[in-house]
Amino acid sequence: MDSMPGNQPLDPGQMGLGDMDPEAFRRYGHQLIEWVAAYLADMTAYPVLSKAAPGAIKAALPDTPPRAPESMAAILEDFERVIVPGITHWNHPGFMAYFGISGSGPGILGELLSAALNVNAMLWRTSPSATELEEVALGWLRQMIDLPDTFMGVINDTASASSLYALAAAREAIEGLQAREEGLAGRPGLPRLRAYASVEAHSSIDKAAIVLGIGQAGLRKIPTDDEFRMDARALAAAIEEDLAAGWRPFAVAATVGTTSTTSIDPVPAIADLCEQYGLWLHVDGAYGGPAAILPELRPVLAGCDRADSIVVNPHKWLFTPIDCSVLYCRRPQMLRQAFSLVPAFLQTSVDDQVVNLMDYGTSLGRRFRALKLWMILRYFGQEGLARRLREHRRLAQMLVDWIDAAPEFERMAPAPFSTVCFRYHPLGESDEARLDALNERLMEYINASGEIFISHTKVHEHFTLRCAIGNIRTTDQHVLRFWELLQGGAAQVAS
Ligand code: PLP
């Protein structure tokens, strides 16, 4: 065997041509699967929130590239020594920040196979299984959340991409606009376009407006009611006002499960308005959509059968490793009309018989993401998925009950899914600036524990703690520990 400085042995062939030697691959593969299995079995030895200081990871790695091959042993040693300490463990049962997510076992194994196959699913021909499995898996998921079969699904990397594509299709559907061919700028006489979303909508909707040339001014933010749901009457008034002022309303983005408080916009009332005014209805169900697998939560998607498009993220609350966002569209021909552009070298003899996934968005190449989703749907089954989602709701409800019963804690929003917004509010304290500071310090106390990681939001301008339970490994024990930390932290920050 060749050897390296540091006396780490190189593999046969590493100094020559070709890929890693198959025997070496097998050996490292076994070693890494062992590492992953041990990690998944218990990662609580690691702090959930990385304690790395800014720049620490870069400082521990060379500035210059490796000239000569390096041994896998040395690479893996650095993985443990440098990379792992800089990891915030999203797969940790104490991860309750943002939206708790999971890379589940079958999903991780699906990723392994997908990386090994390394197919590019741009065309049906470039891997028929990748395209057809996407159709099948998304058909199953669609049935699980009870959307009609008029919706066609495609997988994108993120909800941000899914919403961008949906709103691009909405723009394409505006008769006579011809934004695709002519662009929007420098065309006197064109009305300014207006889309609508609530003040609680995710910033991905704003970014879509920016990218689509509508501008931030072209996205009108609609106020919400006292439960953070879009006010449909205010939406109607805004549309009327805009029409009178010469705007061209064209789309509404409603949200099922807003990022801040997980509120649910009144989609049926919004769908009525969209039908009345001829607007595209897009629903951002990135977080809330998967919940409809639970029969008792199916009503959260009420009215979504009338939407033109809806995004649902299995990589949020459906145990699927990042990345996997599903865009369901009832008018997929508009997506194609917005994006299909087929140079001669991509034409195939079966184009009229198959779906070519490159036609439904901006990216040509695409990973074989359906494989992991398909494996998850089969491995857990609809009942197993529902059981796990229901468990997360039970855990969240347990926390809600404790908070509601504790005089020094105050819930800041309803918790329709498994995310709880609340704050510490010592009796007699009414200074809002002090309450904000107390809660920020309490969050820092929790996060410094290394056991639990939570994030925050602003509710009615107040600093609010946000606990999102969504990791497949989270149990009573972790929620109980969070509650203990909250008690201890509250006592500490108050003193
Ligand atoms: N929509 C909602 C409601 C979200 O909460 C988020 C992220 O948390 C997104 C969209 C964006 O998701 P992605 O990271 O998949 O783009």
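Everything quoted here is computed from the prediction, not taken from an experiment. (Residues numbered from 1 in each chain as written. Predicted model: local features only at pLDDT ≥ 70, side-chain atom pairs only at ≥ 80, totals over all residues. Heavy atoms only, no water.)

Asker: Explain the sheet that holds strand β1 (residues 152–156) to me, using residue names and the numbers behind them.
Answerer: Across the sheet, 7 strands lie side by side as β1-β7-β6-β5-β4-β2-β3; this open sheet has mixed pairing. Every other strand in the sheet has two partners, leaving β1 and β3 (219–222) as the edge strands with one partner each. Taking the axes of each pair of neighbouring strands and ignoring which way they run, one obtains an average angle of 20° across the sheet. Note: strand β2 (residues 193–198) against β3, 4 bridges, orientation parallel. Paired with S198 across the strands is I222, a residue of β3. (Pairing = 2+ DSSP bridges. Helix = DSSP H or I, 4+ residues; strand = E, 2+ residues; numbered from the N terminus. Axes fitted to C-alpha atoms, helices over the stretch in contact; angles between N-to-C directions.)

Asker: So what's going on with the site of the ligand? Which residues, and what values?
Answerer: The local shell around the ligand holds 13 residues, among which A159, S160, T259, D284 and N313 are the closest. Within the contact set of the ligand, an oxygen atom lies 2.5 Å away from a side-chain nitrogen or oxygen of S160. In isolation the ligand has 390 Å² of accessible area, and contact with the protein removes 85% of it. Put simply, the parts of the chain that give the shell around the ligand at least two residues each are α6 (159–172) and α11 (314–317). (Near = heavy atom within 4 Å. Polar contact = N/O pair within 3.5 Å; in protein donor to acceptor, adjacent residues only side chain to side chain. Areas by Shrake-Rupley, 256 points an atom, 1.4 Å probe, with all protein chains shown as cover.)

Asker: I'd like a description of the packing of helix α4 (residues 105–117) against helix α13 (residues 370–405), backed by residues and values.
Answerer: At a minimum axis separation of 8 Å, α4 and α13 run at an interaxial angle of 150°. Once α4 is placed against α13, the crossing between them reads as right-handed. On α13, the residues that touch P106, G107, L109, G110, E111, L113, S114 and L117 of α4 are L371, K372, M375, I376, Y379 and F380. (Left-handed = near helix turned anticlockwise from the far one by under 90°. Contact = heavy atoms within 4.5 Å.)

Asker: Tell me what's going on with the sheet that holds strand β10 (residues 455–459), and back it up with residues and numbers.
Answerer: Ordered by their spatial adjacency, 4 strands build an open sheet running β8-β9-β11-β10, and the pairing between neighbours is antiparallel. Two strands close off the open sheet at either side, each with one partner strand: β8 (409–411) and β10. Taking the axes of each pair of neighbouring strands and ignoring which way they run, one obtains an average angle of 40° across the sheet. Bridge count between β10 and strand β11 (residues 462–468): 5 bridges; the pairing is antiparallel. For V459, the partnering residue across the bridge sits in β11 and is H462. Lying over the sheet, helix α14 (residues 432–448) contacts β8, β9 (419–424), β10 and β11, oriented at roughly 30° with respect to β11.

Asker: Lay out the environment of D157 with the relevant residues and their values.
Answerer: Position of D157 among the secondary structure elements: in the loop between β1 and α6. Taking the C-alpha atoms as reference points, D157 and R125, 32 residues apart in sequence, are found 21 Å from one another. When residues no more than four places from it in sequence are discounted, the contact partners of D157 are H315, D323, C324, S325 and R369.

Asker: Can you tell me about the nonpolar core, naming the residues and giving the values?
Answerer: The nonpolar side chains of a soluble globular protein tend to be buried with one another. L235, V252, L281, I293, I310, Y328 and L385 are the most contacted members of the largest nonpolar core, which totals 61 residues. When contributions to this core are tallied by element, the ones reaching two or more residues are α5 (128–144), α9 (232–244), β4 (248–255), α10 (267–277), β5 (280–285), β6 (309–312), β7 (325–329) and α13. In terms of residue count, α13 provides more of this core than any other element does, 10 residues in total. One finds L167, A179, A253 and M334 within the second-largest nonpolar core, a separate group that totals 35 residues. (Core = buried A, V, L, I, M, F, W, Y, C linked by side-chain atoms within 4.5 Å. Buried < 20%, exposed > 50% of the residue type's maximum accessible area, 1.4 Å probe, protein only.)

Asker: Describe in detail the confidence of the model for the protein, supporting the description with residues and values.
Answerer: Mean pLDDT over the protein: 96, with 99% of residues reaching 70 or higher. Low pLDDT, under 50, characterises residues 1–5; the stretch is placed with 12 contacts to residues that sit more than four places away or in other chains. (pLDDT = per-residue confidence, 0-100.)

Asker: Any details on helix α12 (residues 332–339)? Residues and values, ideally.
Answerer: Given 3.6 residues per helical turn, the α-helix brings residues three or four places apart onto the same face. Listing the buried residues of α12 in full gives P332, M334, L335, A338 and F339. Looking straight down α12, one finds its buried side chains confined to an arc of 155°; they lie on one side. Buried residues in α12 make contact with β1, α6, α7 (179–182), β5 and β7. (Arc of directions from axis to C-beta.)

Asker: How would you sum up α6? Please name residues and give values.
Answerer: For α6, built from 14 residues, the straight-helix expectation of 20 Å at 1.5 Å per residue is met to within 8% by its first-to-last C-alpha distance of 20 Å. Within α6, 13 of the 14 residues are buried, leaving the element largely enclosed by the surrounding structure. (Expected span 1.5 Å × (residues − 1).)

Asker: An account of the packing of α14 against helix α15 (residues 476–494) is requested, with residue identities and associated values reported.
Answerer: The geometry of α14 relative to α15 is characterised by a closest axis approach of 9 Å and an angle of 130° between their N-to-C directions. For the element pair α14 / α15, the angle class is oblique. The element α14 and its partner α15 pack so that their crossing is right-handed. Residue-level inspection shows L438, R441, L442, Y445 and I446 of α14 in contact with α15, the latter providing F482, L485, L486, G488, G489, A490, Q492, V493 and A494. (Parallel < 35°, antiparallel > 145°, perpendicular 65-115°, else oblique.)

Asker: Outline the pattern of salt bridges, supporting the account with residue identities and numerical values.
Answerer: Using the criterion set out here, one finds 29 salt bridges in the structure. Across the pair D242 and R194 runs a salt bridge whose closest N-O atoms are separated by 2.8 Å. Pair noted here: D242 is in helix α9 and R194 is in strand β2, with a separation of 48 residues, a long-range link. Classification of R194 by relative accessible area gives buried; the value is 11%. (Salt bridge = Lys/Arg side-chain N within 4 Å of Asp/Glu carboxyl O.)

Asker: How would you summarise the side chain of S102 if you had to cite specific residues and measurements?
Answerer: With respect to the element layout, S102 can be found in the loop between α3 (72–83) and α4. Given the relative accessible area of 1%, S102 is considered buried. Only 3.4 Å separates the side chain of S102 from the backbone oxygen of G470, close enough to count as a polar contact. Looking at S102, its side chain comes within polar contact range of the main-chain nitrogen of I472, at 2.8 Å. In this view, S102 contacts N91, K316, F319, T320, P321, G470, N471, I472 and R473; residues no more than four positions away in its chain are not counted.

Asker: Explain a nonpolar patch on the surface residue by residue, including any values.
Answerer: A cluster of nonpolar side chains, namely L61, F79, I83 and I87, defines an oily patch on the protein surface of about 260 Å² accessible area. Position of F79 relative to the elements: it lies in helix α3. (Patch = residues over 30% accessible without salt bridge, like charges linked within 9 Å, V, L, I, M, F, W, Y side chains within 5 Å.)

Asker: How would you summarise the pairing of β11 if you had to cite specific residues and measurements?
Answerer: For β11, a buried count of 7 out of 7 residues is recorded, marking the element as mostly surrounded by other parts of the structure. When β9 meets β11, the two strands line up antiparallel, connected through 4 bridges. Among the inter-strand pairings, F422 is bridged to a residue of β11, identified as L465. Here β10 folds back onto β11, and the loop between the two strands holds 2 residues, one of which, H460, carries a positive phi near 50°.

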